[in-house]
Amino acid sequence: MDSVLLIVFSYLLGSILFGEHIAKLKGVDIRSVGSGNVGATNVGRVLGRKYAVLVFLLDAFKGFFPILLSRLYFGLDSWTTFFVGLACVLGHMYPIFHDFRGGKGVATASGVLLGVSPLTFLLSMIFWTLLVKLKGYVSLASMGSSLFATLLLLLQGYDYRVVFMSLFITMLIVYRHKDNIKRLLEGTEHRVRL
Ligand code: G3P
């Protein structure tokens, strides 16, 4: 297995926007409704929880599968795994198949995290759920749990490449939530009930 090939494959897989395709199959242009985002949260907002779960699982797979392959062929503590993790999330955020207009990367990042550390994935999912229950904002919980996961990886002594991969992904996720941050500050962000 060639590492460059795996990184390119990860980016291309990340570039498949399942949320947009599934919504289109249901006759909905996901970019013109709700927050306009192509992720599971907005699909759920418009089509219901069942579809949110489906899109979340498919988007998470885009992160999980490449990381598994990378671990198998190059190991977790490698620059290949570092770039593979970034590539699938960047694919989702800036997809070549959709004019580089993608989503916020949260589900794909959580698939990466599951592939890296199932325990950290589980703890950050619990943290995410608590934040949504307490505050009612998916965006806030997504950014918060991404940062939380990075801290957990650091505290558990994971290789610096793994920690930096998670940190860069968190920074990208926060950047992609800039409209949500604006709405949170203005008090106009969408609320959810779990
Ligand atoms: O994963 C995206 C989520 O954090 C926010 O989604 O649709 O409320 O912008 P949305």
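Residues numbered from 1 in each chain as written. Predicted model: local features only at pLDDT ≥ 70, side-chain atom pairs only at ≥ 80, totals over all residues. Heavy atoms only, no water.

Examining the overall build of the protein chain
(1) Moving on: Of the regular secondary structure elements, the protein chain holds ten helices and zero strands.
(2) Moving on: Expected size for 194 residues packed as a compact globule is a radius of gyration near 16 Å; at 16 Å, the protein chain falls within 12% of this value.
(3) Moving on: Along the first, second and third principal axes, the C-alpha set of the protein chain runs to 40 × 35 × 25 Å.
(4) Moving on: Here the protein chain holds 194 residues, and the buried ones make up 48% of them.
(5) Moving on: Surface summary for the protein chain: the accessible area is close to 9800 Å², and the carbon and sulfur share equals 69%.
(6) Moving on: In the protein chain, which carries 19 positive and 10 negative side-chain charges, the distance between the mean positions of the two groups comes to 9 Å. (Helix = DSSP H or I, 4+ residues; strand = E, 2+ residues; numbered from the N terminus. Rg over C-alpha atoms; globule rule 2.2 N^0.38 Å. Buried < 20%, exposed > 50% of the residue type's maximum accessible area, 1.4 Å probe, protein only. Areas by Shrake-Rupley, 256 points an atom, 1.4 Å probe, with all protein chains shown as cover. Lys, Arg positive; Asp, Glu negative; His and termini not counted. Charge placed at Lys NZ, Arg CZ, Asp CG, Glu CD.)

What about the site of the ligand?
(1) Moving on: As a structural note, the neighbourhood of the ligand is formed by Ser35, Asn37, Thr41, Asn42, Arg45, Lys104, Val106, Val138, Ser139, Ser142, His177 and Asn180.
(2) Moving on: Contacts to the ligand include Arg45, whose side-chain N or O atom sits 2.7 Å from an oxygen atom.
(3) Moving on: Asn180 is positioned such that a nitrogen or oxygen atom in its side chain is 3.0 Å from an oxygen atom of the ligand.
(4) Moving on: Within the complex, the protein chains bury 94% of what would otherwise be the 300 Å² of accessible surface of the ligand.
(5) Moving on: Residue assignment for the shell around the ligand shows that the elements contributing at least two residues are α3 (40–47) and α8 (138–155). (Near = heavy atom within 4 Å. Polar contact = N/O pair within 3.5 Å; in protein donor to acceptor, adjacent residues only side chain to side chain.)

What to know about the UniProt feature "transmembrane region" (unreviewed entry) in the protein chain
(1) Moving on: Feature annotation in UniProt places "transmembrane region" (unreviewed entry) on residues 51–69, 76–97, 109–130 and 160–175, given in this structure's numbering.
(2) Moving on: For residues 51–69, the end-to-end C-alpha separation is 27 Å, with 100% helix and 0% strand making up the annotated structure.
(3) Moving on: Structurally, residues 160–175 is divided into 100% helix and 0% strand, and its ends, taken at the C-alpha atoms, are 22 Å apart. (UniProt positions renumbered as here; feature names shortened; annotations may be inferred.)

Some words on unusual backbone geometry
(1) Moving on: You will see that Asp99, though not glycine, has its phi angle at about 55°, which is positive.
(2) Moving on: Residues other than glycine seldom take positive phi values, yet Phe100 does so here, at roughly 65°.
(3) Moving on: Note that Phe100 resides in the loop between α5 (79–93) and α6 (106–116).
(4) Moving on: Overall, Phe100 belongs to the partly exposed group, its relative accessible area being 47%.

Quick word on the side chain of Thr108
(1) Moving on: Within the secondary structure, Thr108 is located in helix α6.
(2) Moving on: The exposure class of Thr108 is buried, given its relative accessible area of 0%.
(3) Moving on: In this view, Thr108 contacts Asp59, Ala60, Lys62, Gly63, Cys88, Val89 and His92; residues no more than four positions away in its chain are not counted. (Contact = heavy atoms within 4.5 Å.)

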